[in-house]
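What follows is each chain in one-letter form.
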Amino acid sequence: MVENRPWLDALTHLVLVVGVLIVAFPVYVAFIASTHEPSAFVRGVMPLLPGDNMVETYSRMLGEGLELAGTPPVWLMLTNSFWMAMIIAVGKIIISLLSAFAIVYFRFPLRTLAFWTIFITLMLPVEVRIMPTFAVVADLGLLNSYAGLTLPLIASATATFLFRQFFMTVPEELMEAARVDGAGPMKFFKDILVPVSITNIAALFVIMFIYGWIQYLWPLLVTTQEQFYTIVMGIKRLMAQTDREPDWNLVMATVILAMLPPVLVVLSMQRLFVKGLVETEK
Amino acid sequence: MQTKRSIFTNRWLPYVLLAPQLIITLIFFIWPASQAVTSSFERQDPFGFRTTFVWFENYTRVLSDPSYANALWNTAVFAFGVVAVSMGFALLLAVCVDRAIRTARLYTTLLVWPYAVAPVVAGVLWWFLFNPTIGLLPYILEGFGYDWNHRVSGGQAMALIVIASAWKQISYNFLFFVAGLQSVPASLSEAASIDGAGPFKRFWTIIFPLLSPTTFFLMIININYVMFESFGTIDATTSGGPGQSTTTLVYKVYVDGVAGLNIGSSSAQSVLLMGIVIFLTFIQFRYVERRVNY
Amino acid sequence: MASIKISSVRKVYPGNVEAISDLNLDISDGELVVLVGPSGCGKSTLLRMIAGLESITAGEVRIGDKVVNKLEPAERDIAMVFQNYALYPHMSVRQNLEYGLKNRRTPKAEIEQRVNEAARILEITRFLDRKPRQLSGGQRQRVAMGRAIVRQPKAFLFDEPLSNLDAKLRGQMRIEIKRLQRSLKTTSVYVTHDQLEAMTLADRLVVMNAGRIEQVGKPVDLFERPASLFVAGFIGSPPMNIFELATLRQLPGTTLPASIPAKADLVGIRPEALRLEEPAEPFIALEGTVELIEPVGGESHVYVNLNGIETLATVVVQGRLAEGEGSHIKLFMPASALHSFVSETGQRVE
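Quick notes on the rules
- Residues numbered from 1 in each chain as written.
- Chains lettered and ligands numbered in written order.
- Predicted model: local features only at pLDDT ≥ 70, side-chain atom pairs only at ≥ 80, totals over all residues.
- Heavy atoms only, no water.
- UniProt positions renumbered as here; feature names shortened; annotations may be inferred.
- Core = buried A, V, L, I, M, F, W, Y, C linked by side-chain atoms within 4.5 Å.
- Buried < 20%, exposed > 50% of the residue type's maximum accessible area, 1.4 Å probe, protein only.
- Helix = DSSP H or I, 4+ residues; strand = E, 2+ residues; numbered from the N terminus.
- Contact = heavy atoms within 4.5 Å.
- Buried area = accessible area lost by both parts, 1.4 Å probe.
- Salt bridge = Lys/Arg side-chain N within 4 Å of Asp/Glu carboxyl O.
- Polar contact = N/O pair within 3.5 Å; in protein donor to acceptor, adjacent residues only side chain to side chain.
- Nonpolar A, V, L, I, M, F, W, Y, C, P; charged D, E, K, R; others polar.
- Pairing = 2+ DSSP bridges.
- Axes fitted to C-alpha atoms, helices over the stretch in contact; angles between N-to-C directions.
- Phe/Tyr/Trp six-rings, centres within 6.5 Å; stacked < 30°, edge-to-face > 60°.
- Patch = residues over 30% accessible without salt bridge, like charges linked within 9 Å, V, L, I, M, F, W, Y side chains within 5 Å.
- Areas by Shrake-Rupley, 256 points an atom, 1.4 Å probe, with all protein chains shown as cover.

Chain C is annotated in an unreviewed UniProt entry as Sn-glycerol-3-phosphate import ATP-binding protein UgpC of Devosia pacifica. For the record of chain C, the UniProt heading Subcellular location (unreviewed entry) holds the text "Cell inner membrane".

Looking up chain B in an unreviewed UniProt entry gives the name sn-glycerol-3-phosphate transport system permease protein UgpA, with the organism given as Devosia pacifica. Within the UniProt record for chain B, the comment given under Sequence similarities (unreviewed entry) is "Belongs to the binding-protein-dependent transport system permease family." Its UniProt record gives chain B the following Subunit (unreviewed entry) comment, quoted word for word: "The complex is composed of two ATP-binding proteins (UgpC), two transmembrane proteins (UgpA and UgpE) and a solute-binding protein (UgpB)."

Put into structure tokens, the structure is as follows:
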């Protein structure tokens, strides 16, 4: 459509630039803070231009952590977060692919019951059933373990539903052709269905990885040993130093390090991520 | 419930395929949830040795407790604030990106990343900016003669968690609004333009009404987000204070259960909260069904 | 190669919906049989029952001398060509052709040789390394055919394979399928709702309606002697004119032969049978006003109002009609070309 309104175009870009700046501002301030020495925060107002203490702050947090606050090295927490997010994402994708396959491509007694059993988990976020879930995990002896960290979060049905929806749109004839070609159910699953779903799997992986990474309350409850701390909950421990202002430069360095991996995942897989988010949740 | 027209006939395989998810669901969802329901009807003595069945006593106590009413009110204010701020801002940006076709991709990149920021981290970032001692924003506000201290003022504490939560949610809302705008056929806007409507009039009379499915969907999602995922934001910034002024329903479940060890009350609150979620989900599904026919 | 024998087959869907009722059909070795009928007539269901994609409620399907009711599709040694081709989108054309053979553990060298041979016959050798989405509709169609050919099955099953192609390509592929089937001599069952496709392809034509067979026979026989009103209406384009005998008798200027059976109350006249000149043999005559002329290339379809009867009579005229719209014309046809039906049963009477 031909539309010649230069002032409107200018306004559009102005709004966008201001919007981008507002969104980025807190992170900018945090980054600046992480490059200063602790003494920079005593004078009253936080600095707005970079300091010269960046390398030292980051290498200290990555390498040693903060003993005083009971915080292990950030490197260790990043590794824990990575494995937690990975196990959750991969675990969810595997069990949901299998169960969605069963629900869509088979008809069997109790199918509806199984469907609803899984479905109901959509309505119960972990925050709501936090106490009893904690009790179950404790009874099973899974506190301070990757299994305890991940299993209760793996079970949610979102991925199952997205795969179910997607499988319903896969042409019937594909499965029929495979049957005529002599493929049994698992061969069809492996040779045809999974390869055909690969874009959806990748998109979902991005979303689930982030979901796993940003978990807070659950890791806070089930981990008491430093070796299992995740980065997101570690930040809270770092801040909770009683009786004094936190070491701002160290906290903000940790914040930046905690944000970096998932943000990079989103940015590097932007197309997949947007597709996965918008197309699957609608 | 639908399946494919033709199906595999294997008798035991579907059960094997379903087993992993069903087992995990039963152990970590159904069992704890039923525990929550059971203990919401029970009271434990202070040492945890004995439990007695007390019918609806926990519920009546929770519902008549002024602090529960307070949490309910806080949740409503919080939800309204986040929905209004984050969706309004996201819609404005989405409309602009929709106009700026050539640079849309770049702006999108610059706006999507907060999706990946953990709610706690969002809380910490804004808490730092609003820190009464060294924060930048209180310093600026002071210049205008406004005194900011969210450690004292309940209203300011609420404003802080609203801003921090809304900030994180902008990217999500933005992406859906962009998708919604793209699905409005260009011919409609063109027809309105031929009918002599200017860009603002076109937006409010044609495009915004057509976006209403997206808007409604986002409202439900945002309310859900505010109810549960914002836990980290609150815990990192205000810890529900000052004086319970930012204690929301889910935060209260946590405080009463984990910190206060009042299992009966916490469970009753959990069950009430599940009721609210089920209600919201129900609305969402009714609405999704309607949209399919529409 | 094999014959297919369908005996007393029924298909009942959940909810007691009967899609096929007591159907019998013998297809001999090497024959190309076309199942044709309107949508919902059960033709696809029947084909899918032969393929093993649909369970058989009652009766028996034999391929060769083996009862296949309980066999998986893959065990029936048939190949199928689907309406939307159903090519595996993530595999190259070569992998698509190989897949069925690999699953059957065919030796590598033989797979290679069969795929190359099929590709040569179908002229898709240049596309072997492409993905299906890089091919045009016609090329995909060939690949789908190729996937059936490489298997060298006992029978080919075609489920409306041409309906996704445009008219021109459809005509081309029709001829190719016919040639291919002639040279391979593989027993084939072909489902379509397009009567022209059915007429031109079939060795034998099966017209189906509401889960039953209306008529089986050579296409020409079905055209010349339709056994029922349904077949008469379905086969032939433009469709046969059907008139009530009583109404026709009252019309001025109408001559009808004495040979019409007493039971008949409906008569059918093929648009192609009507002439403008009086023939020498005993004839039927009608007269009316030209309402509309549709020029269709070499011939014209003329719609004639027979003095106020609601249904217009359709006439196919070679070349152009000399008279214009609105003019009064007389129509003739040999008495032997008249079809007589009983409206109550819908059957033909002689």
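Undergrad: Can you help me understand the nonpolar core in this one?
TA: Among soluble globular proteins, nonpolar side chains are generally buried collectively. Formed by 226 residues in total, the largest nonpolar core has its most connected members in Phe101(A), Tyr105(A) and Phe167(A). Here this core gets 17 residues from one element, more than from any other, and that element is helix 3 (residues 74–105) of chain A. When residues no more than four places from it in sequence are discounted, the contact partners of Phe167(A) are Leu97(A), Ala100(A), Phe101(A), Val104(A), Tyr105(A), Leu193(A), Ser197(A) and Lys4(B). Listed in part, the 42 residues of the second largest apolar core include Ala79(C), Ala119(C), Val143(C) and Phe156(C).

Undergrad: Honestly, the interface of chain C and chain A in this entry has me stumped. Any pointers?
TA: Interface size is often expressed as the accessible area that is lost when the parts come together. Chain C puts 23 residues into the contact, and the matching count from chain A is 16 residues. Summing both sides of the interface, chain C and chain A together bury roughly 1700 Å²; the carbon and sulfur share of this comes to 58%. For chain C, the biggest contributors to the area lost against chain A are Tyr88(C), His90(C) and Tyr99(C); these three give 28% of the whole. Our count for the contact surface shared by chain C and chain A stands at 3 salt bridges. For the pair chain C and chain A, the number of links is 12 residue pairs in polar contact (both at pLDDT 80 or more). Among the elements of the structure, strand 6 (78–81) and helix 2 (93–103) of chain C are those that each provide at least two residues to the side of chain C that touches chain A. Grouping the constituent residues of the side of chain C that touches chain A by class yields 13 nonpolar, 5 polar and 5 charged.

Undergrad: Any chance you could explain the sheet that holds strand 17 (residues 339–341) of chain C here in plain terms?
TA: Two orientations exist for strands paired in a sheet by backbone hydrogen bonds: parallel and antiparallel. Residues and elements named next belong to chain C. Within the open sheet, the 3 strands sit side by side as 11-12-17. Their pairing is antiparallel. On the outer flanks of this sheet lie strand 11 (241–244) and strand 17, each paired with one strand and no other. Each strand of the sheet is rotated relative to its neighbour by a mean of 25°, with strand direction disregarded. In this structure, strand 12 (residues 266–269) lies alongside strand 17, joined through 3 bridges in antiparallel fashion. In the strand pairing of strand 17, Leu-266 is matched with Phe-341.

Undergrad: Please explain the packing of aromatic side chains as it appears in this structure.
TA: The description of two aromatic rings rests on the distance between their centres and on the angle between their planes. Tallied over the entire structure, the rule returns 45 aromatic pairs over all chains. Summarising the aromatic geometry, the rings of Tyr146(A) and Phe228(A) are spaced 5.7 Å apart at their centres and angled 80° between planes, so their arrangement reads as edge-to-face. Of the two residues, Tyr146(A) sits in helix 6 (residues 146–154) while Phe228(A) sits in the loop between helix 11 (217–222) and helix 12 (231–239), which places them 82 residues apart along the sequence. You can call Tyr146(A) partly exposed: its relative accessible area is 28%. Aromatic pair Tyr88(C) and Tyr99(C): ring centres 5.2 Å apart, planes at 70°, arrangement edge-to-face.

Undergrad: Explanation requested: the sheet that holds strand 13 (residues 283–296) of chain C in the structure shown.
TA: Residues and elements named next belong to chain C. The 4 strands are arranged 15-14-13-16 in an open sheet whose pairing can be described as antiparallel. The sheet is open, and its two edges are formed by strand 15 (313–318) and strand 16 (328–334), each paired on a single side. Here the average twist between neighbouring strands, direction ignored, is 50°. Pairing of strand 14 (residues 299–305) with strand 15, which is carried by 6 bridges, proceeds in the antiparallel orientation.

Undergrad: What is the right way to look at the UniProt feature "domain: ABC transmembrane type-1" (unreviewed entry) in chain B in this model?
TA: Under the UniProt annotation, the feature "domain: ABC transmembrane type-1" (unreviewed entry) is placed at residues 72–284 of chain B. Span residues 72–284 of chain B is 77% helix and 0% strand, its end C-alpha atoms 21 Å apart.

Undergrad: Would you take a moment to explain the pairing of strand 16 of chain C for this structure?
TA: Side-chain direction in a regular strand flips from residue to residue, so the side chains alternate between the two faces of the sheet. Residue and element names in this part refer to chain C. Within strand 16, 5 of the 7 residues are buried, which leaves it mostly tucked inside the rest of the structure. Relative to strand 16, strand 13 runs antiparallel, the two sharing 7 bridges. Residue pairing in the sheet places Ala-285 in a bridge with Phe-332 of strand 16.

Undergrad: Got a minute to help me understand a nonpolar patch on the surface in this structure?
TA: Taken together, the side chains of Trp7(A), Leu11(A), Leu14(A), Val18(A), Ile22(A), Phe200(B) and Trp204(B) present a nonpolar region at the surface, about 750 Å² in accessible area. Of all the elements in the fold, those that place two or more residues in the nonpolar patch are helix 1 (6–34) of chain A together with helix 9 (199–210) of chain B. Looking at the nonpolar patch, the element that brings in the most residues is helix 1 of chain A, giving 5 residues. Among the structural elements, Ile22(A) can be located in helix 1.

Undergrad: What is the right way to read the interface of chain B and chain A from this model?
TA: Each partner contributes to the interface: chain B provides 101 residues, whereas chain A provides 114 residues. Carbon and sulfur atoms make up 77% of the surface buried where chain B meets chain A, a total of about 10000 Å² over both sides. On inspection of chain B and its partner chain A, the count reaches 1 salt bridge. Asp9(A) is paired through a salt bridge with Arg99(B); the nearest N and O atoms lie 2.8 Å apart. Summed over the shared surface of chain B and chain A, the result is 10 residue pairs in polar contact (both at pLDDT 80 or more). When residues of the side of chain B that touches chain A are assigned to their parent elements, the largest contribution, 20 residues, is made by helix 1 (residues 13–39) of chain B. Its residues assigned to classes, the side of chain B that touches chain A comprises 70 nonpolar, 22 polar and 9 charged.

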